[in-house]
Amino acid sequence: MKAIRRFTVRPVLPEPLRPLSDLARNLRWSWHTETRELFQSVDPERWAASGGDPVRLLGSVPPARLAELAEDRRFLRRLTTAADDLGDYVTGDRWYQAQSGDLPAAVAYFSPEFGITAALPQYSGGLGILAGDHLKAASDLGVPLIGVGLLYRHGYFRQTLSRDGWQQEHYPVLDPNELPVVLLKEEDGTPAQVTLALPGGRQLRARIWLAQVGRVPLLMLDSDVEENDLGERGVTDRLYGGGSEHRLLQEMLLGIGGVRAVRTYCRLTGHPEPEVFHTNEGHAGFLGLERIAELCDAGLDFDSGLEAVRAGTVFTTHTPVPAGIDRFDRELVARHFGPDAELARIDVERILRLGMETYPGGEPNLFNMAVMGLRLAQRANGVSLLHGNVSRGMFSGLWPGFDSDEVPITSVTNGVHAPTWIAPEVFRLGARQVGAQRAEDAFTGAGGDRWDAVADIPAQDIWELRRDLREQLVTEVRERLRASWRQRGAGTAELGWIDGVLDPDVLTIGFARRVPSYKRLTLMLRDRDRLMDLMLHPERPIQIVVAGKAHPADDGGKRLIQELVRFADDPRVRHRIVFLPDYGMAMAQKLYPGCDIWLNNPLRPLEACGTSGMKAALNGCLNLSVLDGWWDEWFQPDFGWAIPTADGAGTDPDRRDAIEAAALYDLLEQRITPRFYERGTGGLPDRWIEMVRQTLMLLGPKVLAGRMVGEYVERLYAPAARAHRTMAADAARELAEWKDRVRRSWHGVRVDHVETSATTATAELGSTLTLRVRVALGDLAPDDVEVQAVSGRVDPEDRIADATAVPLKPAGGPDLEGRWMYEGPLALDRTGPYGYTVRILPAHRLLATSAELGLVAVPSQDVVEGAAGVLLR
């Protein structure tokens with residue numbers, strides 16, 4: 001029979017055990033080993049059965065056991081220590097409090113998904129895990145962040161396999177009362193709510209759930225409330241589900257409702273209001289519209305509100321391909337805004353203009369969330385150096401006339417939260433070397449840019465650690481594989497072979513990630529005979545553990561999984577290669593430490609960052625990867641191997657895959673397996689251990705989320721907070737009016753004449769030319785512009801590379817025709833083909849960059865006197 005109503009019955013903890021409830025409700029336990037070990041000691045079997053979730057554990061422990069613990073003095077001492085430690089952690093000064101300068105009082109961080117712990121399954125992949133690591137690292141550093149997301153009743157799907165290896169999706173219902181979250185309530189005890197207006201006079205209401213992530217509150221909006229109609233109740237049903245309108249409503253709730261939730265939380269708790277709003281990918285971009293509406297209600301016009309909002313907004317893009325961006329039909333967006341819907345006091349045409357692709361190659365009828373995010377943020381970044389470069393090219397149409405390297409999108413390379421992802425055994429090895437406190441400081445990003453103490457760890461200890469972690473992985477794989485085969489319909493009698501799957505002394509390769517086509521899950525199968533030879537080599541075998549989910553609507557990705565599963569089912573190799581379904585945080589925390597090699601072979605440059613290899617590296621696993629994302633930035637032969645890419649313009653995709661797969665096999669055969677299996681005089685693989693040592697010592701500190709969040713604070717949050725304070729109402733009006741005037745007048749701005757003191761096409765290194773430029777400014781004045789000389793090396797097409805821009809100065813007042821003369825020196829400081837040009841840019845003290853308006857005036861060929869380039873000898 002099926003229950004007609006469901007309740008969650010909470011245990012009543014004896015008074016001495018009450019601190020257990022606080023420890024369970026603060027998700028710091030998910031990365032704090034001592035707290036997890038305390039919960040495990042409550043009841044080891046139930047702890048395992050609960051999946052390591054303290055809330056579920058406490059709901060299942062018998063009252064007799066609780067009474068016993070309430071009398072156990074040793075347990076109570078440990079409980080007091082853990083509770084006191086948490087109290088110190090959440091209230092004491094940390095890195096942020098020790099910084100000088102005007103840092104933001106608070107930062108609101110919006111993301112559509114957050115991967116904090118498997119006990120709160122609100123993530124699908126790398127974007128959510130990164131967001132979770134961002135919150136945890138901010139907590140460790142004391143950064144006053146407020147996280148904002150949605151609470152999905154089904155989370156992301158659970159994955160199983162059919163008998164023939166086809167991915168199947170299941171959406172278990174999540175009851176918030178059984179999750180480590182609490183309802184945010186008004187002072188009278190009623191649930192706090194936010195409300196959005198929908199077309200036709202309807203409303204979308206959402207409650208606010210609070211997850212405490214160490215020091216950081218995470219607000220999660222949930223539309224499954226009784227006051228909503230059935231359709232509205234389902235808005236937060238599942239992550240990345242539904243059609244366009246469903247996704248639009250989710251993103252309106254995240255952005256607009258999220259700002260309202262932040263205001264509610266700050267009102268109820270006294271938390272400082274955010275000065276900076278960080279939009280993690282375009283899904284949350286509507287937050288800027290709500291903030292403009294707030295300012296309009298306070299008396300500002302739309303354009304001034306836009307300038308004020310932009311000043312304090314940071315936008316991070318994670319996608320290297322246009323197909324990865326949410327885009328909505330213009331009419332759909334128009335229907336959900338305006339007089340009969342949300343933000344009725346703002347002209348819907350102004351809203352639409354923010355997201356329209358009004359640039360060459362854009363779709364004029366589509367509303368692009370990333371484009372809106374960039375237009376609403378004064379500061380933007382990609383998530384690795386290479387991805388920043390790709391993003392500048394991808395979005396260069398928003399800044400016409402500028403070279404892509406001048407597009408105002410910087411990069412902050414992602415990092416990972418070491419206390420979450422390193423195995424406890426790795427932490428204990430570090431603590432044994434330098435002490436627990438120094439090890440903790442190092443892993444949170446406060447321990448410098450090198451971990452030199454790793455150099456003193458005996459080689460034997462490193463090798464025994466790696467072997468122990470590999471053995472744990474073998475045990476984990478066998479358990480998961482057995483469960484998977486049972487789900488596929490196999491009986492116990494068929495599964496005896498699983499006891500021989502994998503070997504703790506064999507080189508182990510891991511490959512786990514989402515399964516879009518560009519990540520090339522099956523590249524390793526390109527030459528199956530050669531792969532079999534590698535796996536079955538009599539002296540130097542390899543074994544491979546694979547995991548990953550395809551999007552439910554991606555049949556192409558599901559076919560790739562099925563192809564790999566069918567290969568792994570082959571009795572000849574099934575002891576050497578496995579596919580594990582339902583990849584998630586719990587699996588990953590065993591998988592990364594247990595592998596010797598982490599494989600990544602995307603199509604370059606389509607991997608924005610690829611943080612799974614960072615998590616593996618923190619555990620002494622070496623990377624074998626295409627030079628993409630973070631690996632392109634930090635690869636050294638000390639840390640692993642680079643798979644050569646065949647990404648020339650003339651290489652078709654099939655040939656490219658064949659070349660890169662062959663390079664992968666060559667590396668494994670000729671360089672990787674020999675190094676793993678060769679033994680020195682002491683019986684250890686000395687050269688391999690040295691690579692593990694270098695990875696931990698030099699790469700480890702680079703890949704930390706603490707390093708990443710520190711960069712966000714110094715390079716983006718602090719400047720955004722200063723700009724926010726500067727952009728008060730009067731300054732915002734001034735800048736908005738100035739921009740409007742410049743845009744209306746720019747047609748009259750031009751370069752009329754350029755001349756230099758050079759008399760020949762060659763000059764000597766170290767000499768200086770005098771550059772004179774006559775410009776027309778139309779209705780603008782010299783204070784509105786900057787005239788620059790731009791010089792550098794030139795290619796055969798006279799394109800300037802490594803350009804240097806130097807401002808020129810006005811030489812006297814306007815002539816009779818109203819034109820201005822500018823002049824300045826041009827230093828010839830490099831040899832070879834050298835060229836220059838001049839340009840006029842808008843200039844104002846409140847602009848973040850000179851490219852902000854996307855306006856530039858350059859000379860036409862007929863106004864240049866003599867050659868455009870000077871050849872230096």
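Before any of the text, the structure's been laid out above.
Residues numbered from 1 in each chain as written. Predicted model: local features only at pLDDT ≥ 70, side-chain atom pairs only at ≥ 80, totals over all residues. Heavy atoms only, no water.

Visitor: Go over the overall build of the protein, please, and point to the residues and values.
Guide: A tally of regular secondary structure across the protein gives 28 helices and 29 strands. Rg of the C-alpha trace for the protein: 30 Å, near the compact-globule value of 29 Å for 873 residues, within the 12% margin. With respect to the three principal axes, the spread of C-alpha positions in the protein is 95 × 70 × 50 Å. Each of the 873 residues in the protein was classed as buried or not, and the buried ones make up 57%. A fraction of 73% describes how many contacts in the protein between residues 6 or more apart in sequence connect residues 24 or more apart. Accessible surface computed for the protein: about 35200 Å², of which carbon and sulfur atoms make up 49%. For the protein, the distance from the average site of its 100 positive side-chain charges to the average site of its 121 negative ones is 4 Å. (Helix = DSSP H or I, 4+ residues; strand = E, 2+ residues; numbered from the N terminus. Rg over C-alpha atoms; globule rule 2.2 N^0.38 Å. Buried < 20%, exposed > 50% of the residue type's maximum accessible area, 1.4 Å probe, protein only. Contact = heavy atoms within 4.5 Å. Areas by Shrake-Rupley, 256 points an atom, 1.4 Å probe, with all protein chains shown as cover. Lys, Arg positive; Asp, Glu negative; His and termini not counted. Charge placed at Lys NZ, Arg CZ, Asp CG, Glu CD.)

Visitor: Describe in detail the sheet that holds strand S16 (residues 542-547), supporting the description with residues and values.
Guide: The six strands are arranged S17-S16-S15-S18-S19-S20 in an open sheet whose pairing can be described as parallel. Each having just a single partner strand, strand S17 (577-580) and strand S20 (640-643) make up the two edges of the open sheet. Each neighbouring strand pair of the sheet contributes to a mean axis angle of 20°, computed without reference to strand direction. Where strand S19 (residues 622-626) and S20 come together, four bridges link them in parallel fashion. Along S20, the bridge assignment pairs Leu624 with Trp641. Along the sheet face, helix H25 (residues 653-677) touches strand S15 (507-512), S16, strand S18 (597-600), S19 and S20 and points at about 165° away from the line of S20. Lying over the sheet, helix H26 (residues 686-699) contacts S15, S18, S19 and S20, oriented at roughly 80° with respect to S19. (Pairing = 2+ DSSP bridges. Axes fitted to C-alpha atoms, helices over the stretch in contact; angles between N-to-C directions.)

Visitor: Hey, could you go over the pattern of salt bridges for me, with residue numbers and the actual values?
Guide: One pass over the full model with this rule turns up 67 salt bridges. Here Asp596 makes a salt bridge to Arg470, at a shortest N to O gap of 2.9 Å. In this pair, Asp596 is assigned in the loop between helix H22 (585-594) and S18 and Arg470 in helix H19 (residues 459-487), connecting sequence segments 126 residues apart. In this structure Arg470 comes out as buried when scored by relative accessible area, which is 1%. A salt bridge links Asp582 to Lys549; the shortest N-O distance between them is 3.5 Å. A residue pair is termed long-range when its members are at least 10 positions apart, and Asp582 in the loop between S17 and H22 and Lys549 in the loop between S16 and helix H21 (555-568) qualify at 33 residues. The exposure class assigned to Asp582 is buried, which follows from its relative accessible area of 16%. (Salt bridge = Lys/Arg side-chain N within 4 Å of Asp/Glu carboxyl O.)

Visitor: How would you summarise the nonpolar core if you had to cite specific residues and measurements?
Guide: Side chains of nonpolar character tend, in soluble globular proteins, to be buried together. Grouped together as the largest cluster of nonpolar side chains are 111 residues, with contacts concentrated most on Leu624 and Trp688. Core analysis: the second largest hydrophobic core is formed by 60 residues, Ile146, Cys266, Ile351 and Leu354 among them. (Core = buried A, V, L, I, M, F, W, Y, C linked by side-chain atoms within 4.5 Å.)

Visitor: Help me get a handle on the sheet that holds strand S27 (residues 819-827), residues and values and all.
Guide: The strand order across the open sheet built from four strands is S21-S23-S27-S26, with neighbouring strands paired in antiparallel fashion. One side of each edge strand has no neighbouring strand; the edge strands of this open sheet are strand S21 (750-756) and strand S26 (809-810). One ladder, built from six bridges, connects S21 with strand S23 (residues 768-776); its direction is antiparallel. The residue of S23 that forms the bridge with Arg750 is Ala776.

Visitor: Explain the pairing of strand S2 (residues 145-150) residue by residue, including any values.
Guide: By the criterion of burial, S2 is predominantly enclosed, with six of the six residues buried. Burial of the side chains of S2 extends over both faces: Leu145, Gly147 and Gly149 are buried on one face and Ile146, Val148 and Leu150 on the other. Taking the sense of rotation as the criterion, the β-α-β connection linking strand S1 (residues 107-110), helix H7 (residues 126-141) and S2 turns out right-handed. Relative to strand S8 (residues 216-222), S2 runs parallel, the two being bridged by four bridges. Considered in S8, the bridge of Gly149 is made with Met220. (Right-handed = clockwise from strand over helix to strand, strands pointing away.)

Visitor: Describe in detail the state of the cysteines, supporting the description with residues and values.
Guide: Counted by the stated rule, this structure contains zero disulfides. Looking at the unpaired Cys595, the closest cysteine sulfur is the one in Cys621, lying at 5.7 Å. Classification of Cys595 by relative accessible area gives buried; the value is 0%. In this structure Cys609 is a free cysteine whose sulfur lies 16 Å from that of Cys621, the closest cysteine sulfur available. (Disulfide = S-S within 2.5 Å.)

Visitor: Give a description of unusual backbone geometry that names residues and reports values.
Guide: That bond from Arg604 to Pro605 is cis: its omega, 5°, falls within 30 degrees of zero. Of note in the backbone geometry, Glu281 takes a positive phi value of approximately 80° without being a glycine. Tracing the backbone through its elements, the reader meets Glu281 in the loop between strand S9 (276-280) and helix H10 (287-297). Given a relative accessible area of 8%, Glu281 falls into the buried group. A positive phi is found at Asp582, a non-glycine position, where the angle reads about 65°.

Visitor: How would you summarise the environment of Gly165 if you had to cite specific residues and measurements?
Guide: Relative to the helices and strands, Gly165 resides in the loop between strand S3 (158-161) and strand S4 (167-170). With residues near it in sequence (within four places) discarded, Gly165 still touches Arg488, Ile561, Gln562 and Val565.

Visitor: Got a sec to walk through the packing of helix H20 (residues 528-535) against H25? Specific residues and values, please.
Guide: The contact between H20 and H25 brings their axes to 11 Å, and the two run at 15°. In terms of orientation, H20 lies roughly parallel with respect to H25. Once H20 is placed against H25, the crossing between them reads as left-handed. Of the residues in H25, those in contact with Arg530, Leu531 and Leu534 of H20 are Ala662, Tyr665, Asp666, Leu668 and Glu669. Of the residues that constitute the contact of H20 with H25, the class distribution is five nonpolar, no polar and three charged. (Parallel < 35°, antiparallel > 145°, perpendicular 65-115°, else oblique. Left-handed = near helix turned anticlockwise from the far one by under 90°. Nonpolar A, V, L, I, M, F, W, Y, C, P; charged D, E, K, R; others polar.)

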